[in-house]
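# An overview of the molecular structure
Chain by chain, the residues run as shown.
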Amino acid sequence: MTAPSSQPGRYAVIGNPVAHSRSPQIHSLFARQTGIDLEYGLLPAPLDGFAAAVRDFFAQGGRGLNVTVPFKREAWQLAEANLSERARLAGAVNTLWQRDGALHGCNTDGVGLVQDLRRLGADLQGARLLLLGAGGAARGVLQPLAQAGCARLHIVNRTAERARELASDWLRASGATHPAVSAGGLDEAALGGPWDVVVNATSSSLADAPPELPAGLYAPGALAYDMMYGAQPTAFMRQAAADGAAHCADGLGMLVGQAAESFYIWHGVRPDPEPVLQALRAALAAPAR
Ligand code: ATR
């Protein structure tokens, strides 16, 4: 049963932990901007209780869920019968909704990344792109990056074998012959470079340490992009600037971009991410009280 139309639609982000999530703030700002009445909350789920929490949420009239760590893979399994192409190739779902009683899933992370790279002025058509990492975050952005028209995509990872597995899994699942995709260890990051865009999809910045990369990775005018974000430039951004990257950015714009795409899936309206990004950046920069 859906909620009566006079009531605001209920949305939430589900995760464990989830208290830190900025999604409620982002979706509330989008709602205000577009004049859509909605409630967007936090839904903590026990590690062994994700499926039950999702079922309860929709049974009680909830309209849509964003999914965060560590449940994106489980969300993919739950919505396996109705996955978007993006979600199928990403192997993970960050956006859930119900239609005719069935659960549907999409992954908007990669679209959010590509939109943010374009907002920052990166010309992806014909670009040489280096992707660092081979975990869920890297897997989730491969298809939109490949579809953005880049000429080469080189995936490197601390554990080289995982990068090779990711590249071959992806080539098999997508059937894509373009762009040329290669893979290796971090020490092979310069092979085929220098790079126009380098995307850090490792979690190394969580420990405030950059990945161990060789020098000389950046082509003139290159962009270094960290999918992590913070009040200060991340360790990867500092490393990239020292190695000659012309532009460095963190992943706050990707966060807002993926949320904008979820908002579009649920409401059919595209919000403007720019003012929301500015509000979040200002909040990050403000001293903690
Ligand atoms: P996520 O879903 O965020 O991608 P994950 O699947 O645990 O999380 O993957 C984390 C990624 O960050 C992996 O590519 C990991 O490298 P390994 O596969 O070798 O473990 C990478 N990573 C984490 N810490 C790192 C560090 N200090 N230096 C380089 N890579 C790191």
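Per chain, the residues get numbers from 1 upward, laid out in the order the sequence is written. Only residues with pLDDT of at least 70 are given local features in this predicted model, and only at 80 or more are side-chain atom pairs given and counted; all residues enter the totals for whole chains, interfaces and linings. Side-chain measures were taken over the full set of non-hydrogen atoms in the model, leaving aside hydrogen atoms and water.

An unreviewed UniProt entry annotates the protein as Shikimate dehydrogenase (NADP(+)) originating from Bordetella genomosp. 10. Its UniProt record gives the protein a comment under Function (unreviewed entry), which states: "Involved in the biosynthesis of the chorismate, which leads to the biosynthesis of aromatic amino acids. Catalyzes the reversible NADPH linked reduction of 3-dehydroshikimate (DHSA) to yield shikimate (SA)." UniProt positions are given in the numbering used here, feature names are shortened, and annotations may be inferred rather than shown by experiment.

### Topic: empty space enclosed by the protein
Think of a 1 Å grid over just the protein atoms. A cavity is a set of points where a 1.4 Å probe fits yet cannot get out, a pocket is an open set with protein on both sides within 12 Å along at least five of seven lines, and lining residues have an atom within 4 Å of a point. Grid points are joined across faces, edges and corners, and a volume is the space filled by probe spheres set on the points. Evaluated as defined, the whole model comprises one cavity of 30 Å³ or more. Taken together, Arg86, Leu89, Ala90, Asn107, Gly110, Arg139, Gly140, Leu142, Gln143 and Pro144 make up the lining of the largest cavity. Secondary structure elements are defined from DSSP: runs of H or I of at least 4 residues count as helices, runs of E of at least 2 residues count as strands, and each element is numbered from the N terminus. Listing elements by their share of the lining of the largest cavity, those giving two or more residues are helix H4 (85-90) and helix H6 (136-147). Among the elements that take part in the lining of the largest cavity, H6 stands out by supplying five residues, more than any other. Gly is put with the polar residues, along with every residue not named as nonpolar or charged; the nonpolar set is Ala, Val, Leu, Ile, Met, Phe, Trp, Tyr, Cys and Pro, and the charged set is Asp, Glu, Lys and Arg. When the residues that make up the lining of the largest cavity are grouped by side-chain class, the tally is four nonpolar, four polar and two charged.

### Here we look at the side chain of Thr234
One can find Thr234 in the loop between strand E10 (218-226) and helix H8 (235-242). Type-normalised accessible area, obtained with a 1.4 Å probe on protein chains alone, sets the label of each residue: buried when under 20%, exposed when over 50%, and partly exposed for intermediate values. A relative accessible area of 7% places Thr234 in the buried class. Here a polar contact means two N or O atoms within 3.5 Å. Within protein one must be a hydrogen donor candidate and the other an acceptor candidate, and residues neighboring in sequence count only if both atoms are side-chain atoms. There is a polar contact of 2.7 Å between the side chain of Thr234 and the side chain of Asp226. The criterion used for residue contact is that any of the two residues' heavy atoms lie within 4.5 Å. Setting aside anything within four residues of it in sequence, one finds Thr234 in contact with Ser205, Asp226, Met228 and Tyr229.

### Looking at the nonpolar core
Ranked by size, the top nonpolar core spans 31 residues in total, and within it Leu113, Leu117, Leu131 and Val199 carry the most contacts. If near-sequence neighbours (up to four positions away) are discounted, Leu113 is found in contact with Val141, Leu145, Val199, Tyr225, Met227 and Met254. Here, nonpolar core refers to any group of buried Ala, Val, Leu, Ile, Met, Phe, Trp, Tyr and Cys residues whose side-chain atoms link them within 4.5 Å. By size, the runner-up hydrophobic cluster in this structure holds 21 residues, among which are Val13, Trp97, Cys106 and Leu284.

### Some words on the site of the ligand
By convention in this text, a residue qualifies as near a molecule or strand provided that one of its non-hydrogen atoms is within 4 Å of it. Of all residues adjacent to the ligand, which total 13 residues, the nearest are Ala137, Asn157, Arg158, Thr159 and Arg162. Gly136 is positioned such that a nitrogen or oxygen atom in its backbone is 3.1 Å from an oxygen atom of the ligand. At a separation of 2.9 Å, an oxygen atom of the ligand approaches a polar side-chain atom of Arg158. Accessible surface is estimated by sampling points in the Shrake-Rupley manner with a 1.4 Å probe; for residues, cover comes only from the protein chains shown. Here the ligand, which alone exposes 640 Å², has 69% of that area covered by the protein. Its residues assigned to classes, the shell around the ligand shows three nonpolar, eight polar and two charged.

### Focus: the packing of aromatic side chains
Classification of ring pairs uses Phe, Tyr and Trp, with its six-membered ring standing for Trp, and accepts pairs whose centres are within 6.5 Å; under 30 degrees between planes counts as stacked, over 60 as edge-to-face, and the remaining range as tilted. Inspection of the entire model under this criterion finds five aromatic pairs. Ring centres 4.7 Å apart and planes at 20° place the aromatic pair Phe50 and Phe71 in the stacked group. Placement of Phe50 in helix H2 (residues 50-59) and of Phe71 in the loop between strand E3 (64-67) and helix H3 (72-78) is noted, with a sequence separation of 21 residues between them. Phe71 gets classed as buried once you look at its relative accessible area, which sits at 1%. Ring centres of Phe57 and Phe58 lie 5.4 Å apart, and the angle between their planes is 85°; this geometry places the pair in the edge-to-face category. Here the two residues Phe57 and Phe58 agree in accessibility, since each one is buried. In textbook terms, an aromatic cluster arises when at least three aromatic residues are bridged by ring pairs, as seen for Tyr11, Tyr40 and Trp266. The ring centre of Tyr264 lies 3.7 Å from the NZ or CZ of Arg270, which sits over that ring. Here, a charge over a ring means that NZ of Lys or CZ of Arg falls within 6 Å of the ring centre while also lying within 35 degrees of the ring normal.

### A few points about the sheet that holds strand E8 (residues 180-185)
Pairing between strands is defined by DSSP: at least two bridges between them are needed. One open sheet accounts for six strands, arranged E8-E7-E6-E9-E10-E11; its pairing is parallel. Edge positions in the open sheet fall to E8 and strand E11 (247-249), since each of these has one partner strand only. Averaged over all pairs of adjacent strands, the angle between strand axes in this sheet comes to 15°, irrespective of strand direction. Two strands pair when backbone bridges link them, and strand E6 (residues 128-132) and strand E9 (residues 195-200) are joined in this way by four bridges, in the parallel orientation. Of the residues in E9, the one forming a bridge with Leu129 is Val197. Only the stretch in contact is used when fitting a helix axis, every axis being a line fitted to C-alpha atoms; angles between N-to-C directions are given from 0 to 180 degrees. Running at roughly 140° to E10, helix H5 (residues 109-119) makes contact with E9 and E10 of the sheet.

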